[in-house]
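Chain by chain, the residues run as shown.
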Amino acid sequence: MAITTTKSAYRKGIVDALPFILVIIPFALLFGLLATEAGLNVVEALTFSIVVIAGAAQFTALQLLQEDVPTAIVLASALAVNLRMAMYSASLTPWIGGAPLWQRALAAYLTVDQSYVAAMTQYEREPQMTVPQRMAYFFGTVTPVVPLWYIFTLIGALVGSSVPESWALDFAIPITFLAMIAPMFRTLAHVAAALVAVIVSLIAVNVPYALGLIIAGLAGMMTGAQVEAWMERTKPGSAT
């Protein structure tokens, strides 16, 4: 689908995000179900999804709440998991930084893993897109994703434990992230960061309060940065 106007950009964003529906629905259902199991009522579960709108951080917080972890640790862990959003924002800024403030503010709220991956892939594929077209595409990517996150969080909270365990809704979590990160493995730095993060997370699996995930993330980011710096130094024509 060629992008020639903001409307065509918006439509393409919707089309490109449609495959994410297959995992957003069970992902949101699972969160709503687990939220009620953790002691939240339906309104609290839905409010959690609307305010935070970040599945990984929400699941992290729920797990820690169920383990009676101190509130400060819950907040710190959820914040650490969500720090990737700051990196998303930094990498999106060169592409949509020229948009009106209200659009950037709305995009900041709606930036989720799916919208970021789809948008960055599209922007890099067609760098000639105008800023209005980029914003339209971005909003297109969240149109089929975000409302479904709210709706199926509510449904999951309402049906609660009546969902059969045989449905195995938790399959959506790893599949979601695998589907998103696989296309991003474009350089040695990306692969090294992911590999180190996986290894460290396995080693640190028994660290209290699920802090092993934070340690693994930091180790992966540092590895990726070091490998990228090494690649720049060894690039032909670079200064030694």
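Since the structure is predicted, the reported quantities are computational estimates derived from the model, not experimental observations.

1. Points about the environment of alanine 86
Piece 1. Within the secondary structure layout, alanine 86 lies in helix α6 (residues 84-96).
Piece 2. By relative accessible area, which is 49% here, alanine 86 ends up partly exposed.
Piece 3. Along the backbone, alanine 86 and alanine 108 are 22 residues apart, and their C-alpha atoms lie at a distance of 9.4 Å.

2. Concerning a nonpolar patch on the surface
Piece 1. Together, Ile50, Val51, Trp102, Leu106 and Tyr109 make up an exposed nonpolar region whose accessible area comes to about 490 Å².
Piece 2. Contributing elements (two or more residues each) for the nonpolar patch: α3 (42-52) and α7 (101-110).
Piece 3. Broken down by element, the nonpolar patch gets its largest block of residues, three residues, from α7.
Piece 4. Within the fold, tryptophan 102 resides in helix α7.

3. Quick word on the UniProt feature "transmembrane region" (unreviewed entry) in the protein
Piece 1. Here the UniProt-annotated "transmembrane region" (unreviewed entry) positions come out as residues 14-34, 46-65, 135-160, 167-185 and 191-216.
Piece 2. A distance of 29 Å separates the end C-alpha atoms of residues 14-34, which is 86% helix and 0% strand.
Piece 3. The span residues 46-65 is 90% helix and 0% strand, and its two end C-alpha atoms sit 17 Å from each other.

4. Overview of the packing of helix α8 (residues 113-125) against helix α9 (residues 131-142)
Piece 1. Contact geometry for α8 and α9: axes closest at 9 Å, N-to-C directions at 145°. Where α8 crosses over α9, the handedness of that crossing is right-handed. Contacts between α8 and α9 involve Ser115, Ala118, Ala119, Gln122 and Tyr123 on the former and, on the latter, Arg134, Met135, Tyr137, Phe138, Thr141 and Val142.
Piece 2. Grouping the constituent residues of the contact of α8 with α9 by class yields seven nonpolar, three polar and one charged.

5. Section: α6
Piece 1. A rise of 1.5 Å per residue sets the reference length of α6, with its 13 residues, at 18 Å; its end C-alpha atoms lie 18 Å apart and thus fit the reference within 8%.
Piece 2. When α6 is considered as a whole, its buried residues turn out to be Arg84, Met85, Tyr88, Leu92, Trp95 and Ile96.

6. Topic: helix α13 (residues 212-233)
Piece 1. With 22 residues, α13 ought to run about 32 Å at 1.5 Å a step, and its terminal C-alpha atoms sit 32 Å apart, in line with that.
Piece 2. Among the residues of α13, those classed as buried are Gly212, Ala216, Ala219, Gly220, Gly224 and Val227. One side of α13 holds all its buried residues, which, seen down the axis, span an arc of 135°. Exposed residues lying more than 90 degrees from the buried face of α13 are Met222, Gln226 and Arg233.
Piece 3. Elements in contact with the buried residues of α13: α12 (188-203).

7. A look at the packing of helix α2 (residues 21-37) against helix α4 (residues 55-66)
Piece 1. The N-to-C vectors of α2 and α4 enclose an angle of 25°; their axes lie 10 Å apart at closest approach. Accordingly, the angle class assigned to the pair α2 and α4 is roughly parallel. For the pair α2 and α4, the crossing hand works out as left-handed. Facing α2, whose interface residues are Phe27, Leu30, Phe31, Leu34, Ala35 and Glu37, α4 presents Gly55, Gln58, Phe59, Leu62 and Gln66.
Piece 2. In terms of residue class, the contact of α2 with α4 is made up of seven nonpolar, three polar and one charged.

Conventions used here
Residues numbered from 1 in each chain as written. Predicted model: local features only at pLDDT ≥ 70, side-chain atom pairs only at ≥ 80, totals over all residues. Heavy atoms only, no water. Helix = DSSP H or I, 4+ residues; strand = E, 2+ residues; numbered from the N terminus. Buried < 20%, exposed > 50% of the residue type's maximum accessible area, 1.4 Å probe, protein only. Patch = residues over 30% accessible without salt bridge, like charges linked within 9 Å, V, L, I, M, F, W, Y side chains within 5 Å. Areas by Shrake-Rupley, 256 points an atom, 1.4 Å probe, with all protein chains shown as cover. Salt bridge = Lys/Arg side-chain N within 4 Å of Asp/Glu carboxyl O. UniProt positions renumbered as here; feature names shortened; annotations may be inferred. Axes fitted to C-alpha atoms, helices over the stretch in contact; angles between N-to-C directions. Left-handed = near helix turned anticlockwise from the far one by under 90°. Contact = heavy atoms within 4.5 Å. Nonpolar A, V, L, I, M, F, W, Y, C, P; charged D, E, K, R; others polar. Expected span 1.5 Å × (residues − 1). Arc of directions from axis to C-beta. Parallel < 35°, antiparallel > 145°, perpendicular 65-115°, else oblique.

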